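# Structural overview for review
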Amino acid sequence: MTDGGVVDDENVPCGEADREPDPSDSLRTFGAVMQALREHAGYSRTEFANLVSFSKHTVESVELGRRMPDVSLVERSEGALGNTGALRKSSKYVTRGRGDVGLAAWFRQWARLERVAVSLCTYECRLVPGLLQSEGYARAVFEGTVPVAPDNLLEDFMARRMERQRMLFERPTTPFSFIVEEHVFRRRFGDLDQMRQMLDHGLELSAPRNVTLQVVPLEAGLHACLDGPAQLLETPKEQRLAYSEGQQNGRLISDVKEVSLLCQRYDTLRSQALNAKDSRGLLERLRGEP
């Protein structure tokens, strides 16, 4: 029970919220198959990483069963290794325990609800939403945290962040809506190539018909959602829930009145943000800026 309401979530076992599972057998098996195919094709890890446009570290982590394979990595690897279909088909059966590795403790319950939601809406005014972040952007975010995360945890964070993005493609009938402030996409990190990769990644992930990305332009002025970021979802049992996050904490909101208010604010902001077509045009223009 949270915030005066009952969270109807049968998929959240009591007493297990902080347990972090080991990598699954299916994850290790997928990695071994990918490594065997790469070696059979005669590529070193460095050569293969360059070929599929991922870092050597990412390829190594997947092959050793330390991280979930990103959708883009699976598709590019298929093309580079003969299009046998082995990686594409086997990736559908890869699991990583209960999927909590690399998630902040206060976010885990929401992440489990997110996986079964029939709709998901996200407003963000601080960072590119996790579901749209490029690998370089996500790594820069995690590397900038205080206290500094040790390398082994950093890779767990990265793996989980990239894994969550799979649902945008694996659930084509689930509507995903994102409203993001323009200044978020303008905030500099890394070099120009990394900025462009971030924008390209956002454009790629928001391209499917079930994904809508709207940008709130700088000239839009003040609006009703300035209290901070918010996420909204609807469960298969038609329960609406919300989530808000701040410094070192997050809050799952189930109170009907509070969730309704956040939904009203989100709907109002939809009308003030650029439509999906104009939002994509803005990101494409930002990509071309020096």
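Preceding this section is the structure that the text describes.
Below you will find a few notes about this structure.

On to the overall build of the protein. Helix and strand counts for the protein stand at 13 helices and six strands. Out of the 290 residues belonging to the protein, those deemed buried represent 48%. Intrachain contacts of the protein at a sequence separation of at least 6 include 75% that bridge at least 24 residues. Here the protein displays about 14,400 Å² of accessible surface, and carbon together with sulfur accounts for 51% of that area.

Two measures describe an aromatic ring pair: the distance that separates the ring centres and the angle between the ring planes. Under the counting rule described, the total for this entry stands at four aromatic pairs. Where phenylalanine 142 meets phenylalanine 157, the ring centres are 5.3 Å apart and the plane angle is 40°; that geometry is what we call tilted. Taken together, the residues span a long stretch of sequence, with phenylalanine 142 in helix H7 (residues 135-143) and phenylalanine 157 in helix H8 (residues 151-164) at a distance of 15 residues.

Taken in spatial order, the six strands of this open sheet run E3-E2-E1-E4-E5-E6, and their pairing is mixed. Looking along the sheet, the strands with just one partner apiece sit at the ends: strand E3 (211-216) and strand E6 (249-253). Between one strand and the next, the sheet's axes are offset by a mean angle of 15°, whatever the strand orientation. In this sheet, strand E4 (residues 230-234) lies alongside strand E1 (residues 119-124) in antiparallel orientation, the contact comprising five bridges. From the neighbouring strand, threonine 122 faces E4, where its bridge partner is glutamine 231.

The next point concerns the environment of proline 69. By the secondary structure assignment, proline 69 is in the loop between helix H3 (56-63) and helix H4 (71-80). By relative accessible area, proline 69 is classed as buried at 1%. A sequence separation of 93 residues divides proline 69 from methionine 162, and the C-alpha atoms of the two residues are 8.1 Å apart. Those residues in contact with proline 69 that sit more than four places away from it in its chain are Leu27, Phe30, Val62, Val74, Val94 and Arg166.

Our next topic: the packing of helix H11 (residues 192-205) against helix H13 (residues 276-288). It is at 9 Å that the axes of H11 and H13 come closest, and there the two elements cross at 160°. In terms of orientation, H11 and H13 fall into the roughly antiparallel class. The two elements H11 and H13 cross, and the hand of that crossing is left-handed. Facing H11, whose interface residues are Arg196, Leu199, Asp200 and Leu203, H13 presents Arg280, Leu283, Glu284, Leu286, Arg287 and Gly288. Its residues assigned to classes, the contact of H11 with H13 shows four nonpolar, one polar and five charged.

Their axes nearest at 7 Å, the elements helix H1 (residues 25-41) and H3 cross at an angle of 120°. For the element pair H1 / H3, the angle class is oblique. Residues Leu27, Phe30, Gly31, Ala32, Met34, Gln35 and Arg38 of H1 touch H3, and the partners they reach there are Val59, Val62 and Glu63.

The rules behind the values
Residues numbered from 1 in each chain as written. Predicted model: local features only at pLDDT ≥ 70, side-chain atom pairs only at ≥ 80, totals over all residues. Heavy atoms only, no water. Helix = DSSP H or I, 4+ residues; strand = E, 2+ residues; numbered from the N terminus. Buried < 20%, exposed > 50% of the residue type's maximum accessible area, 1.4 Å probe, protein only. Contact = heavy atoms within 4.5 Å. Areas by Shrake-Rupley, 256 points an atom, 1.4 Å probe, with all protein chains shown as cover. Phe/Tyr/Trp six-rings, centres within 6.5 Å; stacked < 30°, edge-to-face > 60°. Pairing = 2+ DSSP bridges. Axes fitted to C-alpha atoms, helices over the stretch in contact; angles between N-to-C directions. Parallel < 35°, antiparallel > 145°, perpendicular 65-115°, else oblique. Left-handed = near helix turned anticlockwise from the far one by under 90°. Nonpolar A, V, L, I, M, F, W, Y, C, P; charged D, E, K, R; others polar.

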